[in-house]
Amino acid sequence: MTNRIELAGAITQGPIRKQSPAGVPHCHFVIEHRSEQREAGLPRQVYCRLPVVVSGQGSQNKTQHLALGSNIKVGGFLAYQTGRNGVGKLVLHADEIIDI
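Predicted model only: the values in this text are computed from it and were never measured. (Residues numbered from 1 in each chain as written. Predicted model: local features only at pLDDT ≥ 70, side-chain atom pairs only at ≥ 80, totals over all residues. Heavy atoms only, no water.)

Engineer: Account for the side chain of Thr 63, naming residues and giving values.
Structural biologist: Relative to the elements of secondary structure, Thr 63 occurs in helix H1 (residues 59–63). On the accessibility criterion, Thr 63 (0% relative accessible area) is buried. Those residues in contact with Thr 63 that sit more than four places away from it in its chain are Arg 17, Cys 27, Val 54 and Ile 97. (Helix = DSSP H or I, 4+ residues; strand = E, 2+ residues; numbered from the N terminus. Buried < 20%, exposed > 50% of the residue type's maximum accessible area, 1.4 Å probe, protein only. Contact = heavy atoms within 4.5 Å.)

Printed below as a string of structure tokens:
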């Protein structure tokens, strides 16, 4: 099954770098996307905010240049995560980050 997404936008929260109890480094941030798309032949203003996480040994190199307001394109897969408070959300697990 395919689960691949690319999204361009600006970092509106973070980046926050943490390490899991197992020693795996993670970088968390939120990307905000705004664009105009066509739907049913008509223009539509599109807006979304999506949490992003970059994990693993290479995450430091991929995220060291990121800052609040950075314009980037991220690629990865979507996963559903449930927080400690029981609220669930979709999170983009990025394996590719490109400055735009």
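Continuing now.
Engineer: Describe in detail the sheet that holds strand S2 (residues 25–39), supporting the description with residues and values.
Structural biologist: Taken in spatial order, the five strands line up as S1-S2-S3-S5-S4 and close into a barrel, and their pairing is mixed. Going across the sheet, the axis of each strand differs from the next one's by a mean of 40°, ignoring polarity. One ladder, built from six bridges, connects strand S1 (residues 5–19) with strand S4 (residues 71–82); its direction is antiparallel. Bridge pairing in S4 links Gly 9 to Ile 72. (Pairing = 2+ DSSP bridges. Axes fitted to C-alpha atoms, helices over the stretch in contact; angles between N-to-C directions.)

Engineer: Quick one: what's the story with the pattern of salt bridges, residue by residue and with numbers?
Structural biologist: For the structure on display, the rule yields six salt bridges. When the shortest N-O distance is used, the salt bridge between Arg 4 and Asp 95 registers 3.0 Å. Remark: Asp 95 occurs in strand S5 (residues 88–99) and Arg 4 occurs in the segment before S1; sequence separation between them is 91 residues. Taking relative accessible area as the criterion, Arg 4 reaches 45% and is therefore assigned partly exposed. (Salt bridge = Lys/Arg side-chain N within 4 Å of Asp/Glu carboxyl O.)

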